[in-house]
Amino acid sequence: MAAFGHTFPFYTGLKPIFPMDTTLAVIIAIFLTALITFIIILPGIRGKMRLFWLLRVVTSLFIGAVILAVNFSSEWSVGQVSTNTSYKAFSSKWISADVGLQVGLGGVNITLTGIPVQQLNETINYNEEFTWRLGENYAEEYAKALEKGLPDPVLYLAEKFTPNNPCGLHGQYRLAGHYTSATLWVAFLCWLLANVMLSMPVLVYGGHMLLATGIFQLLGLLFFSMATSLTPPCHLRLGTATLHTRHGPAFWITLTTGLLCVLLGLAMAVAHRIQPQRLKAFFNQSSGEDPTLDWNPEEGGLLSPRFRSTAESPEPQDIPLSEASSETCCKKEHPREPDCTL
C-alpha cells in the first residue's frame, strides 16, 4: 500500500548527485594546475622558443590527460531515449522521462530524469552506477539496488548487465573493459617515457615511444570494438520506446588522440632522418656531433655556451729553447760537468 503521497515507505530518499565524476574532476584539476603553472613561467622563456615550448607542453598535457580520463570515463558506449514507462514496482503509475545509459570500461551508469522532474509528488532525477572492476561484484550491487527499491527503468537496464542475463552484456562489456583498460595503462607508461626521453638528447627514441603511445591507444579501441560486436545486439525496451547504444565521446576522443600520437611519432622519425639539427633546435637541445653549432641566448637558449670549432682553436706548438738558455739551465743543474750542452 502507498503512504505519504504515493511514496512507498521502503524506498529510500534520493542521494545527492554530483554534476561530474569525481575521478575525472581530480584528473582534470591536476592537469589544469600543471598547465596554469607553465603559463605563469612562460614569459621567462625568451625568443621564438617560447612558442615551441607552448606547443610541446600543451600537446603533451593534452595527451596524458586524455589517456587517464578515458580510462575512468563511463561514456565509451552511450544511449538515450525519451519514453513513457512504469515508475516503480507495485504501482500502475506511468511517467514521462529521459532514460540514459553510459557504458564505461569499469561499469555502467544509468540516469532517469522526469519530464518534468516533478511528477507523482516526487523529484524524478536518478543517477546510479554499477561497476564490475577487479575486486567488485556486479551482482551484489544489483541486489542492493533491488533492496533500495530503485525505479523500474533503472533496475531493468541494470538487470540486462547481470552475469546470468541471457543477453550476455556483462561478459561482453566486462571483457572489453579489462583489455582496453590494460592497453590504455601501457599507453600512459609510454607517454611518460616519451616525455623523459624528449627532455634528453635521445629525441628519436622519444618519437618511438610517442608512436607506441598512439599504437596502444588504437589497439585498445580495437579490443573494445571487437569485444562489443561479438554477440548480437540486445533489445532494450523501455515502455513505448527502445534504447539503442552507440560509441560515445570517450571512444572518439581516444581515436583522435591515438592518431595524433602516431602522426607526431612518424613526423619525429622523418625529421630525425632529414633535418636532425632543426629537430634538436625545436627541442632546445645542442648538438654534440657538430661542435660548430652556436646557440644564441636571444633565441631562448638557457645557459647557451658558444662552441669553437677545431679549426679555430690554436694547436699546441713546441717552443724550442735557445742555446744560451739551455746552457744556463744545464750549468745550474750540473755545475761540475765541463761540457753541458743539449
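Residues numbered from 1 in each chain as written. Predicted model: local features only at pLDDT ≥ 70, side-chain atom pairs only at ≥ 80, totals over all residues. Heavy atoms only, no water.

**Student:** Teacher, can you tell me more about a nonpolar patch on the surface here?
**Tutor:** On the surface, I28, L32, I36, I40 and I41 cluster together into a nonpolar patch covering about 490 Å² of accessible area. Its place among the elements puts I28 in helix α1 (residues 22-41). Judged by its relative accessible area of 38%, I28 falls in the partly exposed class. (Patch = residues over 30% accessible without salt bridge, like charges linked within 9 Å, V, L, I, M, F, W, Y side chains within 5 Å. Areas by Shrake-Rupley, 256 points an atom, 1.4 Å probe, with all protein chains shown as cover. Salt bridge = Lys/Arg side-chain N within 4 Å of Asp/Glu carboxyl O. Helix = DSSP H or I, 4+ residues; strand = E, 2+ residues; numbered from the N terminus. Buried < 20%, exposed > 50% of the residue type's maximum accessible area, 1.4 Å probe, protein only.)

**Student:** Could you clarify how one ought to interpret the layout of surface pockets in this entry?
**Tutor:** One simple way to see leftover space: roll a probe sized like a water molecule over the atoms. The computed volume of the second largest pocket comes to approximately 600 Å³. If you go around the second largest pocket, you meet 23 residues; those closest to its centre are R56, S60, L198, F282 and F283. At the level of secondary structure, the elements contributing two or more residues to the lining of the second largest pocket comprise α2 (49-72), α5 (169-198), α7 (249-274) and α8 (276-282). Broken down by element, the lining of the second largest pocket gets its largest block of residues, eight residues, from α2. By residue class, the composition of the lining of the second largest pocket is 16 nonpolar, six polar and one charged. (1 Å grid on protein atoms, 1.4 Å probe; cavity = no way out; pocket = protein on both sides within 12 Å on 5 of 7 lines; lining within 4 Å. Points joined across faces, edges and corners; volume = space filled by probe spheres on them. Nonpolar A, V, L, I, M, F, W, Y, C, P; charged D, E, K, R; others polar.)

**Student:** I'm lost on the packing of aromatic side chains in this one. Help?
**Tutor:** Aromatic rings considered in pairs are described by the distance between their centres and by the relative angle of their planes. Tallied over the entire structure, the rule returns 14 aromatic pairs. Residues W76 and F251 carry aromatic rings whose centres are separated by 6.4 Å and whose planes lie at 85° to one another, so their mutual orientation is edge-to-face. Taken as a pair, W76 in the loop between α2 and β1 (77-86) and F251 in helix α7 lie far apart in primary sequence, 175 residues in all. Pair check on accessibility: W76 and F251 agree, each one buried. Considering the side-chain rings of W185 and F188, the 6.1 Å spacing of their centres and the 90° angle between planes classify their relative orientation as edge-to-face. Taken together, the residues W185 and F188, both in helix α5 and three residues apart, mark about one turn of the helix. Of the residues examined, F188 reaches a relative accessible area of 13% and is grouped as buried. Grouping aromatic residues by their ring pairs yields a cluster made of W76, F130, W132, Y138, F161, Y173, F224, F251 and W252. In this arrangement the basic side chain of R56 is found over the ring face of W53, its NZ or CZ atom lying 4.2 Å from the centre. (Phe/Tyr/Trp six-rings, centres within 6.5 Å; stacked < 30°, edge-to-face > 60°. Lys NZ or Arg CZ within 6 Å of the ring centre and 35° of its normal.)

**Student:** Honestly, the pairing of strand β3 (residues 107-119) in this entry has me stumped. Any pointers?
**Tutor:** Regular strands place their side chains on alternate faces of the sheet. Relative to β3, strand β2 (residues 94-103) runs antiparallel, the two sharing seven bridges. Counterpart to G100 in the pairing with β3 is T111. Hairpin connection between β2 and β3: a loop of three residues separates the two successive antiparallel strands. Sheet topology places β3 next to strand β4 (residues 122-131); nine bridges connect them, and they run antiparallel. Across the sheet, residue N109 finds its bridge partner in β4, namely E129. (Pairing = 2+ DSSP bridges.)

**Student:** It is not clear to me how the sheet that holds β2 should be interpreted in this structure. Could you clarify?
**Tutor:** Picture the strands of a sheet paired through backbone hydrogen bonds; they go either parallel or antiparallel. Pairing is antiparallel across the open sheet formed by five strands, whose spatial order is β4-β3-β2-β1-β7. Edge positions in the open sheet fall to β4 and β7 (246-247), since each of these has one partner strand only. Of the strands in this sheet, β3 and β4 are in contact with helix α3 (residues 138-148), which crosses β4 at around 160°. (Contact = heavy atoms within 4.5 Å. Axes fitted to C-alpha atoms, helices over the stretch in contact; angles between N-to-C directions.)

**Student:** Mind showing me how you'd approach the side chain of Q119 here?
**Tutor:** Tracing the sequence through the fold places Q119 in strand β3. A residue is classified by how much of its surface remains accessible, and Q119, at 14% relative accessible area, is buried. Within the structure, the side chain of Q119 is placed 2.8 Å from the backbone oxygen of P116, a separation counted as a polar contact. Apart from the residues within four sequence positions on either side, Q119 is in contact with I95, S96, G114 and I124. (Polar contact = N/O pair within 3.5 Å; in protein donor to acceptor, adjacent residues only side chain to side chain.)

**Student:** What is the right way to look at the confidence of the model for the protein in this model?
**Tutor:** For residues with low pLDDT, the predicted coordinates do not support detailed interpretation. For the protein, per-residue confidence averages 78 on the pLDDT scale, and residues scoring 70 or more make up 76% of the total. Confidence, read as mean pLDDT per element, is least for helix α9 (residues 323-333) in the protein (50) and greatest for α7 (92). For the stretch residues 287-313, pLDDT sits under 50, and the model shows 34 contacts to residues farther than four places along the chain or on other chains. In the predicted structure, residues 321-325 sits below a pLDDT of 50 and forms zero contacts with residues beyond four places in sequence or in another chain. (pLDDT = per-residue confidence, 0-100.)

**Student:** Sorry, what's going on with the packing of α2 against α5 here?
**Tutor:** The description of two packed helices rests on the angle between their axes and on the distance between the axes. At their nearest, the axes of α2 and α5 sit 10 Å apart, and the two run at 160° to each other. In terms of orientation, α2 lies roughly antiparallel with respect to α5. For the pair α2 and α5, the crossing hand works out as left-handed. Facing S60, I63, G64, I67, L68, V70, N71 and F72 of α2, the residues of α5 in contact are S181, L184, W185, A187, F188, W191 and N195. (Parallel < 35°, antiparallel > 145°, perpendicular 65-115°, else oblique. Left-handed = near helix turned anticlockwise from the far one by under 90°.)

**Student:** Teacher, can you tell me more about the environment of P153 here?
**Tutor:** Its place among the elements puts P153 in helix α4 (residues 152-160). Considered as a pair, P153 and V99 are 54 residues apart in the sequence and their alpha carbons are 7.5 Å apart. In contact with P153, other than residues within four places in its own chain, are T85, S86, Y87, V99, L112 and L238.

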